[in-house]
Amino acid sequence: MDLLSSTQSIIKDAIKRLGYTEEMYELLKEPLRVITVRIPVRMDDGSIKIFTGYRSQHNDAVGPTKGGVRFHPEVNEDEVKALSIWMSLKCGITNLPYGGGKGGIICDPRNMSFGELERLSRGYVRAISQIVGPTKDIPAPDVYTNSQIMAWMMDEYSRLREFDSPGFITGKPLVLGGSQGRETATARGVTICIEEAVKKKGIDLQGAHIIVQGFGNAGSFLAKFMYDAGAKVIGISDANGALYDLEGLDIPYLLDRRDSFGTVTNLFSDVITNQELLEKECDILVPAAISNQITAQNADRIKAKIIVEAANGPTTLEATKILDGKEVLLVPDILASAGGVTVSYFEWVQNNQGYYWSEEEVARKLRKVMVDSFAAIYSISQSHKVDMRLAAYMVGIRKHAEASHYRGWI
């Protein structure tokens, strides 16, 4: 099943188990609003190239929508729609006053100059400016976008509105109203989920064997946090392959050697495949790379006791059922990676107040949100005898269903 269809199938199950009507499912299975835009950009060679972009707003019954903007050659409308639904679920899980949003532009930023990226970023904001804003829809970084791109977008929106609007977008540089702790927020959220999961399984994190598939932003920070906590990171991987050492890898050394795309395995000769790494015995497996890594074909060979999904959709629905049957504790992506949107919310609050918090305060507030969210989902999974993914969907969708009901929509 594709991403949108599989998301809708779990939402249907969650809505039914919560006792809502078929009409509620019909409302929540698709975004309320999706816009397609065409963005003309003058390239460095003087030619004009037309880019296609999207912005999806799933449900704004709770409050303004919120979600990242990705620049990627494989962006498509269904993916953007599905990811906006996931953002609604994340905001419901963490009890944030948001619905889900998501945006994307079909492009390959790796083949574009700094100037071309700036012109594309500003063009996108001009194209969607009527449906976004601090009280409507708040963008953020996503795949292949960063704080510089957020800064260009904020500046363009501020020019259009003729007043400074830091609350229009999150993930900005600190000097423009960004939040302390934003860069590491996703990895810290995953770390907190690991700490809560090992308690449920009776595993001591110190000395635990951990494999992290993916060494990009989330994976690299997570590997360092686990190394600092005294765990043994016995495997890491990037797009070129994987490194594995039962005695534990030297994570600070690998971080120092990796390039700007998170690649480090090309410096070594004793490299195994990503698939081989996934099937190695360990206490905790963290898929932090791309989707569909654990499937019905390899789920039986996964030997981890705990799986914590830092990537979007790394485990298929069929694999989830197999792993649940093996009593593997799987912490789903919409919970594990919710640290990013939580600290984005903190940034928005700070922008609205004009009062900024220390990194310690951000970390403390994030910990409370993630611990409470994990506890709520684990409790639902136990009381309803469902896997953690379905439990997360039940917790996540309930807030939007209730808000839609009280507004009189259903």
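Residues numbered from 1 in each chain as written. Predicted model: local features only at pLDDT ≥ 70, side-chain atom pairs only at ≥ 80, totals over all residues. Heavy atoms only, no water.

### Observations regarding the packing of helix 13 (residues 359-383) against helix 14 (residues 388-406)
The interhelical angle for the contact between helix 13 and helix 14, taken along N-to-C directions, is 115°, at an axis separation of 8 Å. Two packed elements cross with a definite hand, and for helix 13 against helix 14 that hand is right-handed. Side by side, helix 13 and helix 14 meet where Phe374, Ala376, Ile377, Tyr378, Ile380 and Ser381 of the first sit next to Met388, Ala391, Ala392, Met394, Val395 and Arg398 of the second. Looking at the contact of helix 13 with helix 14, its residues break down into 10 nonpolar, 1 polar and 1 charged. (Axes fitted to C-alpha atoms, helices over the stretch in contact; angles between N-to-C directions. Helix = DSSP H or I, 4+ residues; strand = E, 2+ residues; numbered from the N terminus. Left-handed = near helix turned anticlockwise from the far one by under 90°. Contact = heavy atoms within 4.5 Å. Nonpolar A, V, L, I, M, F, W, Y, C, P; charged D, E, K, R; others polar.)

### Looking at the packing of aromatic side chains
A complete count under the given rule lists 9 aromatic pairs for this structure. Measuring from centroid to centroid gives 6.0 Å for tyrosine 345 and phenylalanine 346, while their planes differ by 50°, and the two rings are tilted. Here phenylalanine 346 falls in the buried class, since its relative accessible area comes to 5%. Ring centres 6.1 Å apart and planes at 35° place the aromatic pair tyrosine 345 and tryptophan 348 in the tilted group. (Phe/Tyr/Trp six-rings, centres within 6.5 Å; stacked < 30°, edge-to-face > 60°. Buried < 20%, exposed > 50% of the residue type's maximum accessible area, 1.4 Å probe, protein only.)

### Overview of the layout of surface pockets
What the second largest pocket holds in volume is close to 340 Å³. Put simply, the parts of the chain that give the lining of the second largest pocket at least two residues each are helix 6 (185-201), helix 10 (317-325), strand 11 (329-331), helix 13 and helix 14. For the lining of the second largest pocket, the per-class residue count stands at 7 nonpolar, 3 polar and 8 charged. (1 Å grid on protein atoms, 1.4 Å probe; cavity = no way out; pocket = protein on both sides within 12 Å on 5 of 7 lines; lining within 4 Å. Points joined across faces, edges and corners; volume = space filled by probe spheres on them.)

### Comments concerning the nonpolar core
Among the nonpolar cores identified, the biggest contains 83 residues, and Ile194, Ile236, Ile284, Val286, Val308 and Leu335 are the most heavily contacted of them. Isoleucine 194 has contacts with Leu205, Leu222, Met226, Ile284, Val286 and Val308, leaving out every residue within four places of it along the chain. In this structure, Val41, Cys107, Leu120 and Ile149 belong to the second largest nonpolar core, which totals 24 residues. (Core = buried A, V, L, I, M, F, W, Y, C linked by side-chain atoms within 4.5 Å.)

### What to know about empty space enclosed by the protein
A full pass over the atoms with the stated rule returns 1 cavity of 30 Å³ or more. Looking at the largest cavity, its volume works out to about 40 Å³. As for the largest cavity, its lining consists of Gly181, Arg188, Val343, Glu359, Val362, Ala363 and Leu366. With 4 residues, helix 13 is the single largest residue contributor to the lining of the largest cavity. A per-class count over the lining of the largest cavity returns 4 nonpolar, 1 polar and 2 charged.

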